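# A closer look at the structure
These are the residues of each chain, in order.
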Number of protein chains: 6
Amino acid sequence: MKPYSRILITGAAGRLGTELRKGLGHLAEHIRLSDRVAVEDLQPNEEMVVCELGDYKAVMDLTKDVDAIVHFGGAPLETDFETILDSNIRGSYHIYEGARQNGARRVIYSSSVHAIGYHEMTAQIDADAPVRPDSLYGVSKNFVESLGRLYWDKFGIESLCLRIFSSFPEPADRRMLWSWLSFADCVQYVERGLSAPRVGYTIGHGLSDNRLKPVDDSKAGHIGFVPRDTAEGFRDAVEARTAPADPKSPSVQFIGGWFCELGHPDDEAKK
Amino acid sequence: MKPYSRILITGAAGRLGTELRKGLGHLAEHIRLSDRVAVEDLQPNEEMVVCELGDYKAVMDLTKDVDAIVHFGGAPLETDFETILDSNIRGSYHIYEGARQNGARRVIYSSSVHAIGYHEMTAQIDADAPVRPDSLYGVSKNFVESLGRLYWDKFGIESLCLRIFSSFPEPADRRMLWSWLSFADCVQYVERGLSAPRVGYTIGHGLSDNRLKPVDDSKAGHIGFVPRDTAEGFRDAVEARTAPADPKSPSVQFIGGWFCELGHPDDEAKK
Amino acid sequence: MKPYSRILITGAAGRLGTELRKGLGHLAEHIRLSDRVAVEDLQPNEEMVVCELGDYKAVMDLTKDVDAIVHFGGAPLETDFETILDSNIRGSYHIYEGARQNGARRVIYSSSVHAIGYHEMTAQIDADAPVRPDSLYGVSKNFVESLGRLYWDKFGIESLCLRIFSSFPEPADRRMLWSWLSFADCVQYVERGLSAPRVGYTIGHGLSDNRLKPVDDSKAGHIGFVPRDTAEGFRDAVEARTAPADPKSPSVQFIGGWFCELGHPDDEAKK
Amino acid sequence: MKPYSRILITGAAGRLGTELRKGLGHLAEHIRLSDRVAVEDLQPNEEMVVCELGDYKAVMDLTKDVDAIVHFGGAPLETDFETILDSNIRGSYHIYEGARQNGARRVIYSSSVHAIGYHEMTAQIDADAPVRPDSLYGVSKNFVESLGRLYWDKFGIESLCLRIFSSFPEPADRRMLWSWLSFADCVQYVERGLSAPRVGYTIGHGLSDNRLKPVDDSKAGHIGFVPRDTAEGFRDAVEARTAPADPKSPSVQFIGGWFCELGHPDDEAKK
Amino acid sequence: MKPYSRILITGAAGRLGTELRKGLGHLAEHIRLSDRVAVEDLQPNEEMVVCELGDYKAVMDLTKDVDAIVHFGGAPLETDFETILDSNIRGSYHIYEGARQNGARRVIYSSSVHAIGYHEMTAQIDADAPVRPDSLYGVSKNFVESLGRLYWDKFGIESLCLRIFSSFPEPADRRMLWSWLSFADCVQYVERGLSAPRVGYTIGHGLSDNRLKPVDDSKAGHIGFVPRDTAEGFRDAVEARTAPADPKSPSVQFIGGWFCELGHPDDEAKK
Amino acid sequence: MKPYSRILITGAAGRLGTELRKGLGHLAEHIRLSDRVAVEDLQPNEEMVVCELGDYKAVMDLTKDVDAIVHFGGAPLETDFETILDSNIRGSYHIYEGARQNGARRVIYSSSVHAIGYHEMTAQIDADAPVRPDSLYGVSKNFVESLGRLYWDKFGIESLCLRIFSSFPEPADRRMLWSWLSFADCVQYVERGLSAPRVGYTIGHGLSDNRLKPVDDSKAGHIGFVPRDTAEGFRDAVEARTAPADPKSPSVQFIGGWFCELGHPDDEAKK
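Just so it is clear, the structure is predicted and the values come from calculations on it, not from any experiment.

### Looking at the relation of the copies chain B and chain A
Of the transformation superimposing chain B on chain A, the axial component is 0.0 Å and the angular component is 180°, with the fit at an RMSD of 0.0 Å. Such a combination of rotation and displacement between the chain copies is what one expects of a two-fold axis. Judged by C-alpha distance, Phe143 of chain B is the residue of chain B that lies nearest the rotation axis, at 2.7 Å. Interface overlap between copies is the fraction of interface residues in one copy that are interface residues in the other; for chain B against chain A it reaches 100%, indicating a shared surface.

This is how it looks when you write it as structure tokens:
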């Protein structure tokens, strides 16, 4: 028997959502997918719901009959505040409210390195470090982490807030030589979050087994994530086609990378 | 010469705003007041602006020619999410954006014990403890603390996030025998935040010199707050008219008090 | 109304028990006293029970109709193991079992500096430091602290384990210039432990406000103990009649003092 | 030349004692075995002593001419207090006294996860965490750990207190998928404890290299234990035959597992 | 009887040395003074030795028949490296060697805030923080602190390394409103260091009881320093005659103050 | 293109310098070598400069046109103070000044376990532990670590201070079974320090992947050192030819080993 009857994946049409669909099927009888656009290749065990996360009623419907939620939806990058407010803040609140009202037991949330982007790489922080967002996007990640903490302490809904570093098909630049999270490792972390006997409220840091370690993820040891990939195989190619960055630039100094060099989105938009 | 040309106080018509008006006049040539309703006894050094913090344009105007902001506006208690979203989250974003666009240097923000309400009193936390909100209201306080962190790290605006415990004319119940912050001490903490040579990003915990200490505020030692009042003088009267609470009830176990016993505001509203 | 109906004081005929009798009367309608010998000056609100704490049935009777227990009984100094086993280990187990079976809600236990006596004074430990007993007596204090932890975590009985340093009428030697706990302060700490809204499981360090501070007691801030006495007034007299000790002797190096220079009690007995 | 002349193993007829007999022979010329019953297959390098650890004189004899003691004897589970008092508390005291009087240099003690069973799995504690026993059995483990600390600080006898999680032939339930310590790894940890150049007073946590990590054992890095087994190979079979537990049950919440759901042994006995 | 037979004060002709002469007389039969120039008002209990600390033989003579050394000599400010090397590094080595060869038991060393000047005021460090010197002068203070550590661990000579912040007749600028150490408090700290029963190796932070606290000195609680002065009485005058500094300037950001804005002494000399 | 134009290696004729010459060629167009004697087998990409590090002018010339410095020169063992002062203290100051004046961006410094030699092995320290040198040699290592900290904080020159444990062709005694750093691993650590995107100020602990771990090097995770060798293959041979040491001897108790048993070099010289 599978551990869950129905898992909801939000952001299912996105880059990581597409990977998650492939990797979580063994954990639930049914996978419900949600995004602003329909996925094209719906599988027999899947059901698709097109909706906006900012729509309260739609999300209350979306979360019916769901045991667990893999919440990867919302704006994936720095953008204007009202978009972040609606998609990430209001939308994530709806997801947690749907979980509460409809009885989902566990949420795996795609938090981000940008929730802690202004910590220095040399500081070697772990999950107990205070938040230091590097963008409005990062602030919205802190909001949802705080919300997950409340819904565990008060309403008993477990959350794994997985701070994803750089999850791409392969390392695209020198920073990703230490910040890369392979798709397979990303899916594995989510899968372990869904399978672990006790999640409570846990913060995880999603990184493959790269040679350079920017943070210490040992506080999530009870989740059982063991990365299997590493960026090392891509090092020579990446270094051959990219120049080293200045060690004193904010994008190298801080673990948030180039987000730390972005100005305010309103100013950026005017450029 | 006064250290500031013009200080803005939001929530100026409220319980604490009224106290702040009296106590900060020596720090600025002009005090601008803002609230949803006008104050009635405007003083010569004061100017009143009635506006909603959720109104972007209004707040950009409100924050013009302001050196420092004492941000005490917004919903003061647990309430429905959309109210919190508009008043506390969007509204505070507008305040920080106004500070950034108009060149204010420092913000004193009325954060709250409810940002960390689910920590146990016996845990004796300090400012480095992870957030544990006890309400949607508390989550919004975490949001603004995160925003203040970003605006310091990226935009160079200093913030003192002052987690106010219970600021009332006098201790009203047994919990306030340890959670009370007298009006005078509250005003003093804000005044010290405005006067300290360096605030950077600092979290303070606003408590008078009560006998029982639920948290350790020493990480804010550079602000120079030295409480002068204590709840002890009220102890006998309070104990005479109130019964002791069960030590195992959430409202005694956790520093957030009765907020920890509140259900979800939507459920409470239905009661 | 007094907070407790009946408080039991064990070791009531001892040096500290005698002080406690005088200072706790306002907290309970009845004070039950227990010791191996009867007290001579029984007061109207007191009832005396002469018994051995090592006698299971006697202690089950002793703890009937009791709301709180101030457990100061047992061997007060290093002695042979079988005495410690019977008086301190078995006896304290009986007290906690009595509390559990008869519904007492809170225990104030006279633990001791000797539970942590092998920590160096220069280490400036607090309540989170690992135990380092300096004697079999100290090991028995660790046993009861561990037992109190269990009875809180599993059975919901609150405990304040008060590590008493040197509670005497006045400082008798140079070490007591920093280790002294006046009788009044000792009684105050117990009284605060009985009155605090939430004790849960708390470790306190009983010291008057002496100039030299060997440990940090701030983790017990929620108990509200504020020492009012100090050894300073006795300094000149003490220093005049005693020679300074060698800074490198164990009795100065470690906070347990001369207990750290004691050999094994079986060897000492043979001397 | 072997590092020890004679090692004493207590509890030698038990489940783990039997394994230890096989694995420690290369470390000593002679292995002395002790238990309440004789082992049946005595080897040429072994000598058997049948005795009760609660018998002072017998243990003083038992520990004669012994260099090191592997102390695995005593009650292995929660039971009534008097049994624990005699077997685990008095008995272990006799062992340490025997070591002291007869000149043994090092003790490897089978402490237990139940010494810290009420810590949450999500807390990811290490060896510096305060004790939190989950049973009278666990309290007795704390007693012996405290005793070992004293005998090192005062009498110079080294101790490795090895907190064994679940040492069985194979993982028997879902909890053991993270709490399992294979027999080979258990023997290895003891062997390393006997071989390490410096033990002083060390607390170790005995776990195989399972995927989920409930505690951090790095504070024992100087012992050199490197687990070689893992529960993963048993996962499919265990999960197939057992249902998942409720993440909110004490037996999942706390690392002590089902001990945390046990009532008091006297109550349990009445059931 | 006085606790010491003879105390040596180096730098005795300097600003602080002059104060120390007045305040330490009750602690020793004889006070030996050392500096590059003679003091003019030699008292009956004093003996003067004019010498260079960089002169090995002279210092070996200087330290003869001395029980304790108050080492305040050497270059008091940032200067060229060879001066620092000779006066502070070689000179202090000679002092410790003199202590070792001649049997002095305790050294009180005038370390400095500049040993840790690059820590941020908002970091609220304590004595366990890593060193962060703000000058070559500060590096030399780290050298002597390291040397004192060695001479304690290996040779058993106790050291109090007293990191003096700003010891002047009165606060001279706004920074001194938090960094001031009155002369009386400075002398008190030294006196307590000479009188404390156990110093071992202790780092203290010399500050009067100013309202703003830049560091936490509680790790030196066993020394018994209790500041009696405060800069507050000077606040109005100082603020009236000085302008506030930019909160973002290094001299406000870091506790080392204007030393953090100094360039390299060789470059400064060329200006 | 190679990351550096020219790397300077000091101490190039020494044991480790010889290894570094072989392993760093791929990182720079040119390798400049420096030592008191010339190397004999100069390679085409190498240039040799014979000089004393204590000679200011020579070192200013030596460091011209250099991007990075691998500073392994100076006295390699405990010796008299004046030698250490000239070679290690003055010499290293010259190296950092050369870096500053000539624009080198990064220094890899051969610090040593002897900078922290008086920490106990059982303490399991990491890079944040206070220094505890075991020798004048170790004090000089602390000096240079402090200097590197200053040159980063004030002058922007990055430093990796690599605390080398025992780097020899193979483990020579039992201590090296845990303290060994193979030549290949030593070279790798330096190489990683030169290649890491951000070093800032980092302290590393150079150890191969030996079974026993005396310290925790995870604070240097961003350097990316992954040891590939281990002392285990040498264990049997080492144990066969050497006797175990007394666990209570300083050379086993402390991580500095036999340096902790050395007397003062002046006394040793007289033996």
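### Focus: the sheet that holds strand E3 (residues 46-50) of chain B
All names here are of chain B. Within the open sheet, the seven strands sit side by side as E3-E2-E1-E4-E5-E6-E7. Their pairing is parallel. With one partner strand each, in any of the chains shown, E3 and strand E7 (201-206) form the two edges of the open sheet. Adjacent strand axes in the sheet meet at a mean angle of 20°, parallel and antiparallel pairs treated alike. Bridge analysis of strand E2 (residues 28-35) against E3 gives five bridges, and the strand direction is parallel. Within the sheet, the bridge partner assigned to Arg32 lies in E3 and is Glu47. Here helix H4 (residues 136-153) sits on the sheet and contacts strand E5 (106-112), strand E6 (158-164) and E7; the angle it forms with E5, its principal contact strand, is near 155°.

### Focus on the pattern of salt bridges
Scanning the entire structure with this criterion turns up 144 salt bridges over all chains. Here Lys219 of chain B makes a salt bridge to Asp126 of chain B, at a shortest N to O gap of 2.8 Å. With Lys219 of chain B in the loop between E7 and helix H7 (235-241) and Asp126 of chain B in the loop between E5 and H4, this pair connects stretches of sequence that are 93 residues apart. Owing to a relative accessible area of 24%, Lys219 of chain B belongs among the partly exposed residues under this scheme. In this structure, the salt-bridge partner of Arg21 of chain E is Asp41 of chain E, at a minimum N-O distance of 2.9 Å. Here Asp41 of chain E lies in the loop between strand E2 (28-35) and strand E3 (46-50) and Arg21 of chain E lies in helix H1 (residues 15-23), a separation of 20 residues in the sequence. Exposure remark for Arg21 of chain E: the relative accessible area of 11% places this residue in the buried category. Of the residues examined, Asp41 of chain E reaches a relative accessible area of 43% and is grouped as partly exposed. Several salt bridges converge on common partners, so that one network encompasses Arg211, Glu232, Arg235 and Glu239 of chain A.

### Focus on the interface of chain B and chain A
If you look at the interface, chain B gives 36 residues, while chain A gives 36 residues. For the pair chain B and chain A, the summed buried area comes to about 3,100 Å², and 59% of that belongs to carbon and sulfur atoms. The interface formed by chain B and chain A includes six salt bridges. The residue Arg100 of chain B makes a salt bridge to Asp267 of chain A at a minimum N-O spacing of 2.8 Å. Of all the secondary-structure elements, those providing two or more residues to the side of chain B that touches chain A are helix H3 (81-102), H4 and helix H9 (265-270) of chain B. When residues in the side of chain B that touches chain A are grouped by element, the largest group, ten residues, is from H4 of chain B. Residues of the side of chain B that touches chain A, tallied by class, amount to 19 nonpolar, five polar and twelve charged.

### Remarks on the interface of chain D and chain F
Contact with chain D, which involves 17 residues of that partner, is made by twelve residues of chain F. Summing both sides of the interface, chain D and chain F together bury roughly 1,200 Å²; the carbon and sulfur share of this comes to 60%. Summed over the three residues of chain D that lose the most area to chain F, namely Pro197, Arg198 and His222 of chain D, the buried surface amounts to 50% of that side. Counting the contacts that link chain D with chain F gives one salt bridge. One salt bridge in this structure joins Arg198 of chain D and Glu120 of chain F, with 3.3 Å as the shortest N-O distance. Along the contact surface separating chain D from chain F lie seven residue pairs in polar contact (both at pLDDT 80 or more).

### Structural notes on the sheet that holds E2 of chain E
Across a sheet, paired strands are connected by hydrogen bonds in the backbone, their directions being either parallel or antiparallel. Residues and elements named next belong to chain E. The strand order across the open sheet built from seven strands is E3-E2-E1-E4-E5-E6-E7, with neighbouring strands paired in parallel fashion. This sheet does not close on itself; its edge strands, each paired only once, are E3 and strand E7 (201-206). This sheet shows a mean twist of 20° between the axes of neighbouring strands, independent of strand direction. Pairing between strand E4 (residues 68-71) and strand E5 (residues 106-112): four bridges, direction parallel. When the bridges of E5 are listed, Ile69 appears paired with Val107. Strand contacts of helix H4 (residues 136-153): E5, strand E6 (158-164) and E7, with the helix running at about 155° to E5, the strand carrying the most contacts.

### So, the packing of aromatic side chains
Applying the stated rule across the entire model yields 57 aromatic pairs over all chains. Geometrically, the ring pair formed by Tyr96 of chain C and Tyr151 of chain C is tilted, given 5.5 Å between the ring centres and 50° between the ring planes. Residue Tyr96 of chain C is found in helix H3 (residues 81-102), and its partner Tyr151 of chain C is found in helix H4 (residues 136-153); the two are separated by 55 residues along the sequence. Of the residues examined, Tyr96 of chain C reaches a relative accessible area of 0% and is grouped as buried. Centre to centre, the rings of Trp258 of chain E and Phe259 of chain E are 4.8 Å apart; their planes meet at 55°, and the pair counts as tilted.

### Details of the relation of the copies chain D and chain F
In the superposition of chain D on chain F (RMSD 0.0 Å, axial shift 0.0 Å), the rotation amounts to 120°. Taken together, the rotation angle and the small translation identify this as a three-fold axis. Using C-alpha coordinates, one finds that chain D approaches the rotation axis most closely at Ser218 of chain D, a distance of 6.5 Å.

### A look at the pairing of E4 of chain E
Residues and elements named next belong to chain E. Because side chains alternate across E4, one face comprises the buried residues Ala68 and Val70, and the other comprises Ile69 and His71, equally buried. Alignment of strand E1 (residues 4-10) against E4, held across four bridges, turns out to be parallel. Paired with Ile9 across the strands is Val70, a residue of E4. Of the crossover connections in this fold, the one passing from E4 over helix H3 (residues 81-102) to the parallel E5 is right-handed.

### Some thoughts on the arrangement of the chains
Spatially, chain B is disjoint from chain D: no contact exists, and the shortest C-alpha separation is 13 Å. In this view chain D stays clear of chain E, with the nearest C-alpha atoms of the two still 18 Å from each other.

### Remarks on the UniProt feature "domain: NAD-dependent epimerase/dehydratase" (unreviewed entry) in chain A
The sites that UniProt annotates as "domain: NAD-dependent epimerase/dehydratase" (unreviewed entry) are residues 7-168 of chain A. End C-alpha to end C-alpha, residues 7-168 of chain A measures 24 Å, and it is 35% helix and 22% strand.

### What about the pairing of E5 of chain E?
Residues and elements named next belong to chain E. Within E5, seven of the seven residues are buried, leaving the element largely enclosed by the surrounding structure. The side-chain alternation of E5 yields two buried faces, one formed by Arg106, Ile108, Ser110 and Ser112 and the other by Val107, Tyr109 and Ser111. Note: E5 against E6, seven bridges, orientation parallel. Pairing of Tyr109 across the sheet is with Cys161, part of E6. In the classification by handedness, the crossover that spans E5, the intervening H4 and the parallel E6 is right-handed.

### Quick word on the confidence of the model for chain A
Per-residue pLDDT for chain A has a mean of 97; in total, 100% of the residues score no lower than 70. Here the predicted complex scores 0.97 on pTM and 0.97 on ipTM.

### Section: the environment of Asp86 of chain B
All names here are of chain B. Among the secondary structure elements, Asp86 is positioned in helix H3. Residues Asp86 and Ala245, spaced 159 residues apart in sequence, show a C-alpha to C-alpha distance of 35 Å. The residues touching Asp86, leaving out its near neighbours within four places in the chain, are Gly54 and Gly91.

Criteria and thresholds
- Residues numbered from 1 in each chain as written.
- Chains lettered and ligands numbered in written order.
- Predicted model: local features only at pLDDT ≥ 70, side-chain atom pairs only at ≥ 80, totals over all residues.
- Heavy atoms only, no water.
- Least-squares fit on C-alpha atoms with pLDDT ≥ 70 in both.
- Contact = heavy atoms within 4.5 Å.
- Pairing = 2+ DSSP bridges.
- Helix = DSSP H or I, 4+ residues; strand = E, 2+ residues; numbered from the N terminus.
- Axes fitted to C-alpha atoms, helices over the stretch in contact; angles between N-to-C directions.
- Salt bridge = Lys/Arg side-chain N within 4 Å of Asp/Glu carboxyl O.
- Buried < 20%, exposed > 50% of the residue type's maximum accessible area, 1.4 Å probe, protein only.
- Buried area = accessible area lost by both parts, 1.4 Å probe.
- Nonpolar A, V, L, I, M, F, W, Y, C, P; charged D, E, K, R; others polar.
- Polar contact = N/O pair within 3.5 Å; in protein donor to acceptor, adjacent residues only side chain to side chain.
- Phe/Tyr/Trp six-rings, centres within 6.5 Å; stacked < 30°, edge-to-face > 60°.
- Right-handed = clockwise from strand over helix to strand, strands pointing away.
- UniProt positions renumbered as here; feature names shortened; annotations may be inferred.
- pLDDT = per-residue confidence, 0-100.

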